[in-house]
Each structure stands twice: as structure tokens, then as C-alpha cells.
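Examining the three-dimensional arrangement
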Amino acid sequence: MAQASYPEDLLYHPEHDWARIDPADPEHAVLGITWYAQDALGEVVFFDPPSVGSTLQKDAPYAEVESVKAVSDVVAPLSGEIVEVNTALAENPGQINEDPYGEGWLVKVRLSDPGEPAVLMDAASYRGSLAG
Amino acid sequence: MSASSLPALRRTPLFDQHVLAGAKLVDFAGWEMPVQYRGVREEHVAVRTSCGIFDVSHMGQIETSGPQAGQLLQRLLSNDLDALAVGGAQYSVLCREDGGVLDDLFTYRLDADRYLTVTNAANHERDLEWFAAHAREFPGARVEDAIDEWAMLAVQGPLAREIVQAISDAPLPPRMAVGTRRLGGAEVLVCGTGYTGEDGVELLARPEDAPGLWEEIRRRGALPAGLAARDTLRLEVCYPLYGNDLSVERGPIEAGLGWCAKEATGFIGAEAVAAIRAARPRERLAAFVIEGPGIPRQGNPVVGGGEVTSGTLSPCLGVGIGMAYVPAERAVAGTRIEIDVRGKMRPAVVKDKPLYRKGS
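Residues numbered from 1 in each chain as written. Chains lettered and ligands numbered in written order. Predicted model: local features only at pLDDT ≥ 70, side-chain atom pairs only at ≥ 80, totals over all residues.

Here the focus is the overall build of chain A. Looking only at helices and strands, chain A features 4 helices and 9 strands. In chain A, the order of α-helices and β-strands from amino to carboxyl end is β-β-β-α-β-β-β-β-β-α-α-β-α. In terms of overall size, chain A behaves like a compact globule, its C-alpha atoms giving a radius of gyration of 14 Å where 132 residues would be expected to give roughly 14 Å. Here chain A, with 132 residues, has 39% of them falling under the buried criterion. At a minimum sequence separation of 6, the contacts of chain A that also span at least 24 residues come to 63%. (Helix = DSSP H or I, 4+ residues; strand = E, 2+ residues; numbered from the N terminus. Rg over C-alpha atoms; globule rule 2.2 N^0.38 Å. Buried ≥ 20, exposed ≤ 12 C-beta atoms within 10 Å, placed from the backbone. Contact = placed C-beta atoms within 7 Å.)

What follows is the structure in C-alpha cells.
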């Protein structure tokens, strides 16, 4: 997508990651990188996913995305255990650019600390942090 | 992160054109340069299949003139300057006494006693000092910094010549030749050289003429291409990049540039280069292709010895490619190697250069 967008239903981490928690299933979160992150990176050509069952530590890198030019760590916005990875990205990593909040999702995790989501930013705060 | 926060960077005469075209601007050797416009791959493919236009005005120029200009350059540059005719272009390296490479350069012979040498932006000041220091031994040679006199555009791709020819007052110089032409209203030095592995020209123009030239060539079908595409294009055809594949730590023989080192001319560093050529180098710059996933990057170790100096995902081949200095006996096509890409061992195979060939 060409225009910056930060959906209201997501939580945001300052390292330009998002988390989507379905209120009907608060123990799980889907994670990805924000429009800002994919735009800064340029065309993503490789996503090296972590394996299912591995654990994420909030604020620590858990995967890598690469553009033609550079490699970038993906930082975990929340702690947990990976229950699913987006295997379609192996064939089509460009989805991270084209649809960062949809088809470009990276992993689904089972959250290990129910208190963590509360410290993430909402869309307005995240947008504000980018303007600064 | 925003371009406006970059401190005191130099801008080329085409800065406004880059901003209007939506370029991502980065600090490159102290210059605020377009790394890409809409996307690296689109720009890369345009150069391989039609035509791209690059602003390379950050590159430096040194003019050497006078009755001893040729003698001075013969002493400085690794190639044989006597073989460079008026209107010709020649590639060479600039070596220290120990054979280490200070820069790699194109020199154009504009007249019997007048030469223009194009430097890498990051090396320009050092090159200039080196030229000036050695010019003292040649009182009949004058060395001048010409960086502010020239803007430089590279028009590259299978349609590049056709596009530039259409606005030229005379046939364009062929490959490895240079000549002055009128392009539109501007007097331009047209050089049959490039850094992409495609046909095309490099244009040395007066800074005030550069924007008009850029617009006209764009209007005729050239896609603006940034430094990122320039890097992937050159790496597919295994042209070395100074600061990555070339440095003062290594000489031209190790880098695979022995073809442009003519030790019989007595250039500075010739003895050291001749000794390495005779004894055979311990390491050589090898080109390789990753088998399977993974993108090699500069600094990745090669298992069993050596280091990646350039790496990327090849837009044309669709796989990770790179160049690495490896022990000479392993720098042979077909040798299987492993690259340590941030802890993951990625199998690779050494290939003949270039990695990309037309029609492959």
C-alpha cells in the first residue's frame, strides 16, 4: 500500500511492530511490522521465520526481514510462544509491503504475560511518535 | 530518519528532481543521494530491459593537463596510458607503493595533453592529494580538482543509446570512447562507459545543464534509478565496488583486476603487484551464488576462511549472490563453499564472473 496507515484495532510497539488481539481470544496475538517499517525497509525480498514452538521475549528480536539492500531485525512487541508462522511469505515476502496488516502478518503467538498488552501504544500514540 | 534531518550533506544539481520523483534520500559519502525511487527491483529491471537514468554527480573528477600529464598518469595509474588514444576511455586502479588499492578509476583522454579521471566520491579528496603530491615530480603536469565543474548522469540499458542519440547533434561515441556532443542545448562529454553491464553512456555535463538533460532523457523513456539498483546491477556482473571489494588492504591481482595492471609501465606499486602476480596471491575475489534461501551481506564470514565483501539478492537471478575473498585454491568455479549468514550456514557455489549474462 502506498499511503501510510495505522489501523485503530491494533497495538503498536516503538520498534514499529503491531499486535492484533482478538477480544474473543485474548490469549493469542498476531504480529507484524507497521507501514512505517516496511516503507523504511523498501521491498521485502526475504522473511526468515522463527520456528513454531520457539519463544518470544518482549522487546527482543525474533525474526529477520530483508530488503534488497539491508537486513532488519523484527522486535517482539509481546512475549509468548509461536503457534503459527505465515508460511506464504516464503514464496511471496512482498506481501509485507503490499498488505502489512493483512496478508503480510508474520507470526501468531500464545501470550505468556497478560499484563504486557497494556503498555503498548494505540494507533494515535504511535502516529504521534512518528511525527516527533 | 527523514531527509530534512540529515546534517550538512552536499546536494547534486539534480536534488529537486529527486525529491519530485519521490526518491528516498540517504547519506552516501557525504552526499544526499537517491537510494531508490519507487523500488529497487523495478529500477533494476528497467536497466536490464529498457533504460534507466542515474544521477552519479557525487563522483569526483580530476583534470590532469600539460605536456607531462601523460607521464604523471602513467606513474599513478596501473594501466598503460600510452595505449589510451585521444577520445578513448581506460579503467585502472590507483595503488600505493605496497600495491594496496587507493581507488579504481576511469580516465578519459580529452586531448593530447588533457585527461579527465573520475574518482569514487569517498576517495576523491585522498586521490586528489595523491595526484598533487606526485605531480611535484612532473613540473609539466597540472592537476586540478574538477568536481564542481561537472554533473554526471549515467544512462544505461538496451535502449539508452537510442534515447540519447535522438537528442544528439552527432553519432554517439562507441563503447570505451569519449567525445563532446550537443544534447539539446547543452554541450556534454559523452562517454561510452557504465557500471551496470548494459550498453549505454555516461554524460558529463555542466551543473546548470543537468536538470534539463535529466528531464529530457526521462521524457524519452528512461526510468530514474537509484544507488541501490546501481549496486545490484554492478554486483550481478561482478564489477568491484571500492570500500566493499577493493581496499588498501588488497591489491589488483587479488581483486581479479590483473588485466588492468601493466607493471612494465613502472606505476607506483608495480613492483609489489608484480611480486604477487609471480608468487600467486594467497586469496582471490570469488563470485558465488547461494543455493537455497538466504542473502549474503558484506562482512559475512566464509566457512574455512574468507569474508563476503558484497552481497545481495539478485533481482534477475532471484537468489542470493555475492563476492568474497577466499583462499586462492577455492576461488575456482564449481567449488562448494558455505557462508555464515548471521549464524545460519548457507551453502553456495563459486561461479565464473559475471554471474549474470544477457539472455541467461
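What follows covers the pairing of strand β16 (residues 320–327) of chain B. All names here are of chain B. With 7 of 8 residues buried, β16 is to be regarded as a mostly interior element. In terms of strand pairing, strand β14 (residues 283–290) meets β16 through 7 bridges, oriented antiparallel. From the neighbouring strand, L285 faces β16, where its bridge partner is Y325. Pairing geometry for strand β15 (residues 307–313) and β16, over 6 bridges, is antiparallel. Across the sheet, L313 pairs through a bridge with G320, a residue of β16. The hairpin turn running from β15 into β16, its antiparallel successor, is 6 residues long, and G318 in that turn takes a positive phi close to 75°. (Pairing = 2+ DSSP bridges.)

All names here are of chain A. The strand order across the open sheet formed by 3 strands is β4-β6-β7, and the pairing between neighbours is antiparallel. Two strands lie at the open edges of the sheet, namely β4 (44–48) and β7 (71–75), each paired on one side alone. Looking at each pair of strands side by side, their axes are set apart by 30° on average, direction ignored. Of the strand pairs in this sheet, strand β6 (residues 61–67) and β7 are connected by 5 bridges, and their pairing is antiparallel. The residue bridging V65 from the neighbouring strand is S72, located in β7. (Axes fitted to C-alpha atoms, helices over the stretch in contact; angles between N-to-C directions.)

Each assigned domain of chain B is listed with its residue range as follows: domain 1 (3–57 + 150–235), domain 2 (60–148) and domain 3 (282–360). One C-alpha centre belongs to domain 2 of chain B, the other to domain 3 of chain B, and the line joining them spans 33 Å. (Domains from an automatic or database assignment.)

Relative to the helices and strands, L213 of chain B is located in helix α6 (residues 210–219). Ignoring anything within four residues of it in the chain, the contact list for L213 of chain B reads L153, L183, G184, A186, V188, L203 and A205 of chain B.

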